Amino acid sequence: MEHYGLLVIGAGPGGYEAALRAARLGIRTAVVENRDVGGTCLNRGCIPTKSLLHAAEIAAGLEKGGEWGIAAENLSVDFAAVHRKKTEVTEKLRAGVEGLLKQKKVDLLRGTGTILGPGRVAVDGVEYGADHILIATGSVPARPPIPGLEHAVSSDEVLSDQERVYRSLVIIGGGVIGVELACVYQALGCQVSIVEALDRILPNMDREICQNMTMILKRRGAAVNTGCMVSSVEKEPDGGLVVRYTCKDQPGEARGEAVLCAIGRRPNTAGLFGEGFQVDMERGRILVDERFQTSVPGVYAIGDVSARIQLAHVAAAQGIACAERLVGREPLVDVNLVPSCIYTSPEIASIGLTADEAKAAGRAVRVGKALMSANGKTVIAAGERGFIKIVADASTGVVLGAQLMCERATDMLSELTEAVVNGLTARQLARVMRPHPTFEEAVSAAVEDLLEKLEK
């Protein structure tokens with residue numbers, strides 16, 4: 001029986017990053033995968049979504065070209081070609097990951113990994129031994145027991161190759177996945193309706209961001225229905241679908257050519273445990289300690305299958321940290337402070353505490369804010385109404401969080417993440433000279449506003 005120092009089940013961002021780091025640290029490593037290397041993020045999530053968003057941005061830019069004297073007449077979208085380009089991108093990146101695994105001498109075992117017991121894993125019936133087992137099987141779309149939901153497509157399915165653009169689409173769920181895909185399809189000429197159970201879309205974000213995004217979507221023609229509980233999905237005689245819901249005890253409905261169910265994802269543990277073997281779990285999520293170890297010594301779990309925050313960069317950071325701890329090293333990355341990025345138009349990004357969260361925790365804070373309407377690059381790009389907010393402790397000036405809603409927000413977030421992680425103050429941020437004209441110089445304006453309020 002072949003034996004490894006580390007056997008990773010799942011080759012998504014968490015799994016392959018853990019495997020690469022372990023191999024670099026001298027551990028004989030193998031990774032098991034029953035689908036495509038790269039996991040959901042690369043093949044059915046982050047990268048395909050952003051590829052479609054890029055196509056949508058190109059289309060939107062061409063439509064606005066007349067403002068600059070650049071006419072694009074008879075603009076059309078070949079959605080099949082868009083999907084072919086998206087597939088080309090994912091295949092190129094997937095080949096890159098496979099090449100890295102081969103270069104670092106990580107064995108790629110094709111098949112479904114099943115843990116038989118401590119130190120024992122079967123891959124399609126072939127048994128392997130391991131000093132350590134790392135579960136990185138990710139998540140799958142959640143499917144609540146709503147009558148007729150079998151007529152809806154999941155985010156995985158909607159990102160697969162398609163020959164046409166939907167003329168109308170109802171999206172059940174106003175979280176990150178739902179709102180990102182709403183922006184994609186709306187930009188490609190689709191009539192979009194969102195139905196969200198909570199009182200606002202993007203409920204985990206800063207309240208002003210949620211309100212601003214709602215306003216932008218509505219202005220572009222989308223219907224945004226919040227506080228609505230879906231009761232059924234029904235097929236109509238003409239082949240269309242109707243989503244029936246209740247809002248404030250009043251019945252409502254939204255019709256579309258298709259319905260997308262985007263209400264979140266659940267941990268993927270199907271086929272993971274053999275007969276007689278189990279680890280402690282809570283509502284489907286594998287429980288781990290601060291070292292990512294499960295209730296069974298030598299068996300670890302990272303990423304969507306165990307983390308409360310389901311993001312690719314969380315899985316990757318946890319995978320690297322877990323591998324480093326196996327050889328007695330303390331991880332460099334702080335896995336407790338998680339940057340959040342939403343690839344809507346405009347982009348949204350955040351780190352640390354919002355002002356409301358800080359106040360709820362009993363912390364006195366000051367907030368510096370810069371409106372992007374005064375930013376030169378934003379005006380040139382005809383960017384939507386946006387802003388940058390920086391939250392700091394009222395007495396020390398230490399930066400506690402930041403929220404951005406503007407062009408290139410996701411690319412600008414790392415500077416502010418660095419400030420939060422390292423406990424920098426507003427005054428220290430003010431020492432940085434940011435170049436002009438850039439989107440990022442708005443950070444300086446937000447810091448200046450923050451210092452003014454701190455010094456009052």
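Fair warning: this is a prediction, and the values are worked out from it, not measured in the lab.

Caption draft 1: How the structure looks around the packing of helix 1 (residues 13–24) against helix 8 (residues 312–326). Axis separation between helix 1 and helix 8 bottoms out at 7 Å; the angle between their running directions is 30 degrees. Taken together, the axis directions place helix 1 and helix 8 in an arrangement best described as roughly parallel. As for the relative orientation of helix 1 and helix 8, their crossing is right-handed in sense. Along its contact with helix 1, which presents Pro13, Gly14, Glu17, Ala18, Arg21 and Ala22, the element helix 8 presents Ala312, Ala315, Ala316, Gly319, Ile320, Ala323 and Glu324.

Caption draft 2: Quick peek at the sheet that holds strand 20 (residues 340–342). Taken in spatial order, the five strands line up as 20-21-24-23-22 in an open sheet, and their pairing is antiparallel. Two strands close off the open sheet at either side, each with one partner strand: strand 20 and strand 22 (365–371). On average, each strand axis in the sheet is tilted by 10 degrees relative to the strand beside it, whichever way the strands run. Relative to strand 24 (residues 399–406), strand 23 (residues 387–393) runs antiparallel, the two being bridged by six bridges. Following the sheet pairing, Val391 is matched in strand 24 by Gly401. Sheet strands touched by helix 13 (residues 441–454): strand 22 and strand 23. Its angle to strand 22, the strand with the most contacts, is close to 145 degrees.

Caption draft 3: Highlighting the environment of Gly401. With respect to the secondary-structure elements, Gly401 resides in strand 24. According to the relative accessible area criterion, Gly401 is buried, its value standing at 0%. In this structure, the C-alpha to C-alpha distance between Gly401 and Pro339, residues 62 residues apart in sequence, is 9.9 Å. Each residue touching Gly401, except ones within four places of it in the same chain, is listed here: Ile351, Gly352, Leu353, Lys389, Ile390, Val391 and Val420.

Caption draft 4: Inspection of unusual backbone geometry at higher detail. Looking along the chain, the bond that leaves Ser345 and enters Pro346 is cis, with omega of 5 degrees. Within the secondary structure, Pro346 is located in the loop between strand 20 and strand 21 (347–352). With an omega of -5 degrees, the peptide bond between His436 and Pro437 qualifies as cis. On the secondary structure map, Pro437 appears in the loop between helix 12 (426–430) and helix 13.

Caption draft 5: Main features of the pattern of salt bridges. Evaluation of the coordinates by the stated rule reveals 28 salt bridges. A salt bridge links Lys85 to Glu88, with the nearest nitrogen and oxygen atoms 3.1 Å apart. Here Lys85 and its partner Glu88 are both found in helix 4 (residues 79–103), three residues apart, which amounts to about one turn of the helix. The salt bridge involving Arg325 is made with Glu330; its shortest N-O contact spans 3.9 Å. Classification of Arg325 by relative accessible area gives buried; the value is 19%. Relative accessible area serves as the criterion here: at 57%, Glu330 is assigned to the exposed category. Salt bridges sharing common partners tie together Glu234, Glu236, Arg244, Glu253 and Arg255.

Thresholds, definitions, all that
Residues numbered from 1 in each chain as written. Predicted model: local features only at pLDDT ≥ 70, side-chain atom pairs only at ≥ 80, totals over all residues. Heavy atoms only, no water. Axes fitted to C-alpha atoms, helices over the stretch in contact; angles between N-to-C directions. Helix = DSSP H or I, 4+ residues; strand = E, 2+ residues; numbered from the N terminus. Parallel < 35°, antiparallel > 145°, perpendicular 65-115°, else oblique. Left-handed = near helix turned anticlockwise from the far one by under 90°. Contact = heavy atoms within 4.5 Å. Pairing = 2+ DSSP bridges. Buried < 20%, exposed > 50% of the residue type's maximum accessible area, 1.4 Å probe, protein only. Salt bridge = Lys/Arg side-chain N within 4 Å of Asp/Glu carboxyl O.

What is shown is where atoms sit, not what they do.
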